[in-house]
Each structure stands twice: as C-alpha cells, then as structure tokens.
Amino acid sequence: VWSFTPNQTKATLHCKSQLLCMGWANRVDRLLLLGTSTGKLRLYDTETKRTYCDVESEPGYPRVVSVTSSPNGQLLVYGCAAMVQSDIGSSPTAKSYADPLPEIHSPRRKRRPECTGALVCWDVKAMKTERSLPLDPAPTAVNCSAFNHNGNLLVTGGADGMIRLFDMTQCDVLMGWQAHVGEVYCVQFSCDETTVFSIGEDGKLNV
C-alpha cells in the first residue's frame, strides 16, 4: 500500500492465500478490504499494519471474488464463489483455467462450476453478516458491484452474464437483464445514475 503525498510505501501485507479482489472501506479510509481464495474477507488496517477483522464467507463458497463498501461505510457487500475444480485436487482429469474452453457463442457451452456463488451483506458496526441478497434465477458468482451515491441502489455483474439492480432499502432485486454472453467483469453507474455501463467476457462495453 503506497500513498501519493508523500510518495512512499505505507504498509506491506503478506498473505498465505491467494488474493482475488480488493477495495477500500468508505468513511474509514485506512481499512483495506481483501477477498481471499480460502473463504475470508480480510479487513486490514493500513495505519496499525494489522488485520482488523476476518469475515468468514458463506459455506460452500470459499472464493471471495468481489467487495464494495456502501457510501456511509456501514455495509460491505461481497460476492463469494464456489471453488474452481483445479483447486479441489490434482487429478489429471480435473479441469483448470489452462484447459481450452468451448467457444463463447457455442450453444453447447456449459455453466462452469466456479460460476455458482452468493452475494452477502456484512454489517460493519455490528460485525456480523446481515443477510444474503437474492440471485434469481440461480445462485451465481458476482464478479463486480457498485453503489449509487446514497447507497439505496446496488448494481452487480454476474458470472452468468446478467446485471442485477437491487433496492437496498428493501434488499430485493428491482430488475435484471442478460447483458453479456459470458461473465460480466465490471459495472458502474453513469455520473447522473440513469445509466449502467458494463464490460463482459464477450469483449463488449454495454450501456
């Protein structure tokens, strides 16, 4: 972790497990959020250079692949995913990311096991899981998410190619649509929050 002014390293974190995502906690800018491949969302204090808290992910979904903080800093929303087959064992028949995948437009392209997951809300003040958000029509890994300016809306991009818009006051889905063929890699609200931009596995930028 380094700072612009002065230009220097503030902290160095060594982690035994693979880090899959990161972000900053709003309103507490010293807290770095780190998602690991071993079922933990780590809150790391860059001032004291110590782990502030380790959050256990949902059972069955040990890979924390995305995390975002609400504007008021009171809520963390993280996406956790099932273990990839290459992590389960070293069997020669186990499929890994190095293996060729079917063509993205092939009608026979199957849902990969690592695409299943959950979307979890964690209360920073209470230090506990608040709830899991619904991911209809099927549980899917959420690769990316973003709040609007007041935290009432949350937009997410899934491994199933869908974008979902959540009403966080009701903790329910307002709408969802198939945005990409393949996974969604990034989602953002426009400046006026009337449009959602997304980038996907199909190489497209959608509006």
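Because the structure is a prediction, the values reported are computed rather than measured.

### Some details on the overall build of the chain
Move 1: Summing up its helical and strand segments, the chain has one helix and 17 strands in all.
Move 2: The contacts in the chain between residues at least 6 apart in sequence include a share of 42% that link residues at least 24 apart.
Move 3: Just so you have it, the chain exposes about 11700 Å², and 52% of that area is on carbon and sulfur atoms.

### Thoughts on a nonpolar patch on the surface
Move 1: On the surface, a nonpolar cluster with roughly 530 Å² of combined accessible area is contributed by Tyr185, Phe197, Ile199, Leu205 and Val207.
Move 2: Mapping Tyr185 onto the fold places it in strand E15 (residues 184-189).

### Considerations on the pairing of strand E8 (residues 75-81)
Move 1: Counting buried residues in E8 gives seven out of seven residues, a clear majority hidden from the surface.
Move 2: Bridging between strand E7 (residues 63-69) and E8 involves six bridges; their strand directions are antiparallel. Following the sheet pairing, Ser69 is matched in E8 by Leu76.
Move 3: Between the end of E7 and the start of E8, which pair antiparallel, lie five residues, with Gly73 showing a positive phi angle near 75 degrees.

### Side note on the side chain of Thr156
Move 1: Looking at the element boundaries, Thr156 is found in strand E12 (residues 153-158).
Move 2: Not counting residues up to four positions away in its chain, the partners in contact with Thr156 are Leu119, Val142, Cys144, Ser145, Met162, Ile163, Arg164, Phe166 and Val187.

### Digging into the confidence of the model for the chain
Caution applies to low-pLDDT regions: their predicted coordinates should not be interpreted in detail.
Move 1: Confidence along the chain averages 86 in pLDDT terms, with 85% of residues attaining 70 or more.
Move 2: Note that residues 88-111 has pLDDT below 50 and, in this model, 27 contacts with residues that lie over four places away or in other chains.

### Concerning the sheet that holds strand E14 (residues 172-178)
Move 1: One open sheet accounts for four strands, arranged E11-E12-E13-E14; its pairing is antiparallel. Each of the sheet's edge strands pairs with one partner strand only, and the pair in question is strand E11 (142-147) and E14. Averaged over all pairs of adjacent strands, the angle between strand axes in this sheet comes to 20 degrees, irrespective of strand direction.

### Some details on unusual backbone geometry
Move 1: Of note, the amide linkage connecting Asp136 to Pro137 takes the cis form, showing an omega dihedral of 10 degrees.
Move 2: Counting through the fold element by element, Pro137 comes out in the loop between strand E10 (128-133) and E11.
Move 3: The backbone of Arg27 shows a phi angle near 70 degrees, a positive value even though the residue is not glycine.
Move 4: On the secondary structure map, Arg27 appears in the loop between strand E3 (19-24) and strand E4 (31-36).
Move 5: Of the residues examined, Arg27 reaches a relative accessible area of 71% and is grouped as exposed.

### A word on the pattern of salt bridges
Move 1: Taken as a whole, this structure holds six salt bridges when the rule is applied.
Move 2: In this structure, Glu130 engages Arg131 in a salt bridge whose closest nitrogen and oxygen atoms are separated by 2.6 Å.
Move 3: When the shortest N-O distance is used, the salt bridge between Arg164 and Asp160 registers 2.7 Å.

Here is what the cut-offs are and how they apply
Residues numbered from 1 in each chain as written. Predicted model: local features only at pLDDT ≥ 70, side-chain atom pairs only at ≥ 80, totals over all residues. Heavy atoms only, no water. Helix = DSSP H or I, 4+ residues; strand = E, 2+ residues; numbered from the N terminus. Contact = heavy atoms within 4.5 Å. Areas by Shrake-Rupley, 256 points an atom, 1.4 Å probe, with all protein chains shown as cover. Patch = residues over 30% accessible without salt bridge, like charges linked within 9 Å, V, L, I, M, F, W, Y side chains within 5 Å. Salt bridge = Lys/Arg side-chain N within 4 Å of Asp/Glu carboxyl O. Buried < 20%, exposed > 50% of the residue type's maximum accessible area, 1.4 Å probe, protein only. Pairing = 2+ DSSP bridges. pLDDT = per-residue confidence, 0-100. Axes fitted to C-alpha atoms, helices over the stretch in contact; angles between N-to-C directions.

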